[in-house]
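# Structural description and commentary
Take a look at the letters that make up each chain.
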Amino acid sequence: MSSVVSHDYLESLLESLPKDSTDALSWLKQLRAEAIDQVGRQKLPTLRDEEWRFTDISPLTKLPYRPSQAAADLRLADIEHLFLEEANNRLVFVDGHYAPQLSNIIDTENLVIGNLSELLSSQASSIQPHLGQYAKFQENIFTAQNTAFLQDGAVIAIARNTSVSAPMHLLFIATQKEVTSYARCLLIGDTGSNVTLIEDFVALQEDAYVTNSVTEISLAANAQAKHYRIQRENNKAFHLANCAVSLAHASRYQSINIALGAHISRFNLDVQITDEAAECSIDGLTLIAGKQLSDTHTNIDHLKPNGTSKQQNKCIIDGAAHAVFNGKIMVRPQAQQTNSSQSSRNLLLSSQAHVDTKPQLEIFADDVKCAHGATVGQLDHEELFYLQSRGLSEDAARNLLTYAFGAEIINRIAITSLRQQLEQIVLNQTQSR
Amino acid sequence: MINDNSETILDVHGLRANVDSTEILKGFDITVKSGEIHAIMGLNGSGKSTFAKVLAGHSAYQVTAGSIQFSDQDLLALAPEERAQAGLFLAFQYPIEIPGVANSQFLRLAYNTVQVQRGNEELDPLEFDDFVREKMKLLDMNPDFLDRSVNEGFSGGEKKRNEILQMALLEPKLSILDETDSGLDIDALKIVANGVNQIANKDNATILVTHYQRLLDYIVPDYVHVMQAGRIVKTGGKELALELETRGYDWIGTGGQTNAGATA
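Because the structure is a prediction, the values reported are computed rather than measured.

So, about the packing of helix H3 (residues 103-117) of chain B against helix H4 (residues 125-138) of chain B. Residues and elements named next belong to chain B. Remark: H3 packs on H4, axes separated minimally by 11 Å, with the N-to-C direction vectors making an angle of 100°. Relative to H4, the element H3 is oriented roughly perpendicular. Mapping the contact onto sequence places Ser104, Leu107, Arg108 and Tyr111 in H3 and Pro125, Phe128, Phe131 and Val132 in H4. The residue inventory of the contact of H3 with H4, partitioned by class, reads 6 nonpolar, 1 polar and 1 charged.

Okay, the interface of chain A and chain B next. Tallying the contact residues gives 19 residues for chain A and 30 residues for chain B. Summing both sides of the interface, chain A and chain B together bury roughly 2,000 Å²; the carbon and sulfur share of this comes to 67%. When the buried area of chain A at its contact with chain B is split by residue, Phe385(A), Tyr386(A) and Arg390(A) rank highest and sum to 39% of it. Between chain A and chain B we count 1 salt bridge in total. Here Arg390(A) makes a salt bridge to Glu163(B), at a shortest N to O gap of 2.7 Å. The interface formed by chain A and chain B contains 9 residue pairs in polar contact (both at pLDDT 80 or more). Counting residues per element, the ones that place at least two in the side of chain A that touches chain B are helix H6 (381-388) and helix H7 (394-410) of chain A. Here the element with the most residues in the side of chain A that touches chain B is H7(A); it accounts for 7 residues. For the side of chain A that touches chain B, the class distribution of residues is 9 nonpolar, 5 polar and 5 charged.

What follows concerns the pattern of salt bridges. All names here are of chain A. In this structure the tally under the stated criterion is 20 salt bridges over all chains. Arg398 is paired through a salt bridge with Glu394; the nearest N and O atoms lie 3.1 Å apart. Of the two residues, Arg398 and Glu394 both sit in helix H7, 4 residues apart, roughly one turn of that helix. Judged by relative accessible area, Arg398 falls into the partly exposed class, the value being 27%.

Further remarks concern the nonpolar core. Counting 113 residues, the largest nonpolar core has Ile258(A), Leu10(B) and Phe51(B) as its most contacted members. In terms of residue count, H7(A) provides more of this core than any other element does, 9 residues in total. For this core, the two domains that each supply at least three residues are domain 1 (7-275) and domain 2 (379-433) of chain A. Apart from residues lying up to four places away in sequence, Leu10(B) is in contact with Ile30(B), Thr31(B), Val32(B), Phe51(B), Leu55(B), Ile68(B), Gln69(B), Phe70(B), Leu174(B) and Ile207(B). If you look at the next biggest cluster of nonpolar residues, it comprises 39 residues, including Ala223(A), Leu247(A), Phe267(A) and Val331(A).

Residues and elements named next belong to chain A. Burial analysis of strand E10 (residues 224-232) places 7 of its 9 residues in the buried class, which makes it a mostly covered element. One ladder, built from 9 bridges, connects strand E8 (residues 194-203) with E10; its direction is parallel. Residue pairing across strands places Val202 opposite Arg232, the latter belonging to E10. With 8 bridges connecting them, E10 and strand E12 (residues 252-259) associate as parallel partners. Residue Ala225 lies in a different strand from E12, and its bridge partner there is Tyr253.

Okay, the sheet that holds E10(A) next. Residue and element names in this part refer to chain A. On the basis of which strands lie adjacent, the open sheet formed by 10 strands has the order E3-E2-E6-E8-E10-E12-E14-E16-E18-E20 and mixed pairing. Across the chains shown, the open sheet's two edge strands, defined by having one partner strand only, are strand E3 (97-98) and strand E20 (369-377). Against the sheet, H7 touches E12, strand E14 (279-288), strand E16 (308-317) and strand E18 (339-348), its axis set at about 150° to E16.

This part takes up the packing of H4(B) against helix H5 (residues 156-170) of chain B. Residue and element names in this part refer to chain B. It is at 10 Å that the axes of H4 and H5 come closest, and there the two elements cross at 125°. In terms of orientation, H4 lies oblique with respect to H5. Remark: the crossing between H4 and H5 carries right-handed chirality. Contacts from Phe128, Phe131, Val132, Lys135, Met136 and Leu138 in H4 reach Leu165, Ala168 and Leu169 in H5. Grouping the amino acids of the contact of H4 with H5 by side-chain chemistry returns 8 nonpolar, no polar and 1 charged.

This paragraph deals with the sheet that holds strand E12 (residues 231-236) of chain B. Residues and elements named next belong to chain B. The strand order across the open sheet built from 6 strands is E6-E9-E10-E3-E11-E12, with neighbouring strands paired in mixed fashion. The sheet is open, and its two borders are formed by strand E6 (88-91) and E12, each paired with just one other strand. Averaged over all pairs of adjacent strands, the angle between their axes in this sheet comes to 20°, without regard to strand direction. Summarising the sheet, strand E9 (residues 174-178) and strand E10 (residues 205-210) pair through 5 bridges and their orientation is parallel. In the strand pairing of E10, Ile176 is matched with Ile207. Its contacts with the sheet place helix H7 (residues 238-247) against strand E3 (37-41), strand E11 (223-228) and E12, and it is angled at close to 45° to E11.

Residue and element names in this part refer to chain B. Tallied over the full model, the rule gives 14 aromatic pairs over all chains. Ring centres 5.7 Å apart and planes at 45° place the aromatic pair Tyr111 and Phe128 in the tilted group. Taken together, the residues span a long stretch of sequence, with Tyr111 in helix H3 and Phe128 in helix H4 at a distance of 17 residues. For Tyr111, a relative accessible area of 9% corresponds to the buried category. Taking relative accessible area as the criterion, Phe128 reaches 2% and is therefore assigned buried.

Moving on, we get to the environment of Glu85(A). Within the element layout of this structure, Glu85(A) appears in the loop between helix H3 (76-79) and strand E2 (89-94). Sequence separation between Glu85(A) and Glu34(A) is 51 residues; the distance between their C-alpha atoms is 41 Å.

This paragraph deals with unusual backbone geometry. With glycine set apart, most residues show a phi of negative sign, and most peptide bonds adopt trans. All names here are of chain A. Phi angles above zero are rare outside glycine, and Asp95 is one such case at about 50°. By secondary structure assignment, the location of Asp95 is in the loop between E2 and E3. Given the relative accessible area of 1%, Asp95 is considered buried. Look at Asn306: it is not a glycine, yet its phi comes out positive at around 60°. Inspection of the secondary structure puts Asn306 in the loop between strand E15 (293-302) and E16.

Rules and cut-offs
- Residues numbered from 1 in each chain as written.
- Chains lettered and ligands numbered in written order.
- Predicted model: local features only at pLDDT ≥ 70, side-chain atom pairs only at ≥ 80, totals over all residues.
- Heavy atoms only, no water.
- Axes fitted to C-alpha atoms, helices over the stretch in contact; angles between N-to-C directions.
- Helix = DSSP H or I, 4+ residues; strand = E, 2+ residues; numbered from the N terminus.
- Parallel < 35°, antiparallel > 145°, perpendicular 65-115°, else oblique.
- Contact = heavy atoms within 4.5 Å.
- Nonpolar A, V, L, I, M, F, W, Y, C, P; charged D, E, K, R; others polar.
- Buried area = accessible area lost by both parts, 1.4 Å probe.
- Salt bridge = Lys/Arg side-chain N within 4 Å of Asp/Glu carboxyl O.
- Polar contact = N/O pair within 3.5 Å; in protein donor to acceptor, adjacent residues only side chain to side chain.
- Buried < 20%, exposed > 50% of the residue type's maximum accessible area, 1.4 Å probe, protein only.
- Core = buried A, V, L, I, M, F, W, Y, C linked by side-chain atoms within 4.5 Å.
- Domains from an automatic or database assignment.
- Pairing = 2+ DSSP bridges.
- Left-handed = near helix turned anticlockwise from the far one by under 90°.
- Phe/Tyr/Trp six-rings, centres within 6.5 Å; stacked < 30°, edge-to-face > 60°.

As structure tokens, then:
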């Protein structure tokens, strides 16, 4: 069996976890046990699986990638450069383990923010109905693994009609090589609440490792969330991520996913529109080079009427890199008056760059507006000529247009310091060509 | 203004050019001196816009014969950006939209690139902001256009104004305005024409490429040239444009070649 982590190893690890016999945790034990069971039943996907036909993750099996142990202490000075000045609420996880000394929480009124294992006893009644309920592990081995190892993780619960102005910054930092880190996040937005969540994946070392991330977001009626996901792992990493979002009546969810790092990355985003008039906007930017492979699979499921989904996905692919985008939009029979649009635009900067892009619309309602389009191309000659005719060299013109292609997505991020960090990364990458 | 002692800025001789192996320019000649405003008129397909693109160095057009002298330089030996840096400016018929690049960023990059080439100081963002706002008044442009992406979502008139703004910033020796009047209502046309008139002086020159006489009510040319089938077939003063307006193009002898079926 080519599984990353053997079943025996999993069990032994879980047995070594501290025993907690309180009733409050029996549900969690059961959740983990079900997940362990699934890890035993499932196999790593291969190119023969329809959902993985473009993404070969077999390199993952070449090293054991054991679960990470608590890491050596990082000092604040080691990671200060990663902080965002607008985001005072910061939870830091080092190799998946919560690092309270690096974290900072300023907002506590009408909200809960903290580490899962510490909040379990006091907040069980609000956590239990949500944890593990959206990110289904029955058909996803990586979600199953993550759930089996469930221990530390970010929990953010915003009370009814509470608007949190400072963004919540979750910083997942990789410091160990050849380990698997499990990152977990649960965001619960109660009725009428409003919050901004940043998930930020970075590395402070240059060897291979695995990040397995699961994020669950539940928005109650009229709640709003902005969710920025920045994947800037090192270029040898494996990043396997699943995000599941559940939207209630007239809630609004904005997602911007920026994929820059990792040798092989896979991001699954699953948005369920479970009640009327919910809106989501799902944007993505992938910027890769060398031999990177970056795969984004999204699934927006319109279950109820009057929902809106807008999606724009962009990839800039250089070197011999390979990007995959699969955008599924499901409109169920009762989801009348759904308004959905999807655009996939891909820029190939070299002759060896490769993209597989696939819109997948499954529409079972008859009174809907659904538009989609996909383009794959190189830089436009007329645009280059326009810039050259204004005195810019061909290289400068190419860099500016490449930057602009990505900036269209980055400019939608409402946090100035984060936007500037990303603009600089994109500029550096486009100009280093 | 015509002054026989002026410097010759542009001297085009026997120019032939192809696009996709089809010859569009078939022996084109023109001489432009500083201080002059020239209008090149003609029907669709006569080669007016091709001439503008060839001057600016568009790679889709292959020059097969002839020469272009730009002041003391062989223009055909220069890359498009070198032509711009040397003082050539093409105002596009269809200005390109560049989503994701703020207009202010683009204008400053273009301005500073050209200034450095000309041995002048660059302007930092604050200095440039003052400078560009002053130039925008010339064109009655809302400063909001600085923050928007280049030409994205601009109306036809706004795009053309943005072209003339670039012309004002780059201070070219020779400007070619390709169908700048197309798509403009009369108010926008007056504003654009006023901008062009204020930029024109005794040391630079302007070529207006246009279909209609209308623009020439507001920018008065010293010479009017009529193009047919890839070359200039008639040259006159500003009154020639009025005559074309009333009589169309058919009466002009072509010495054999005509645009079959073309009517004004």
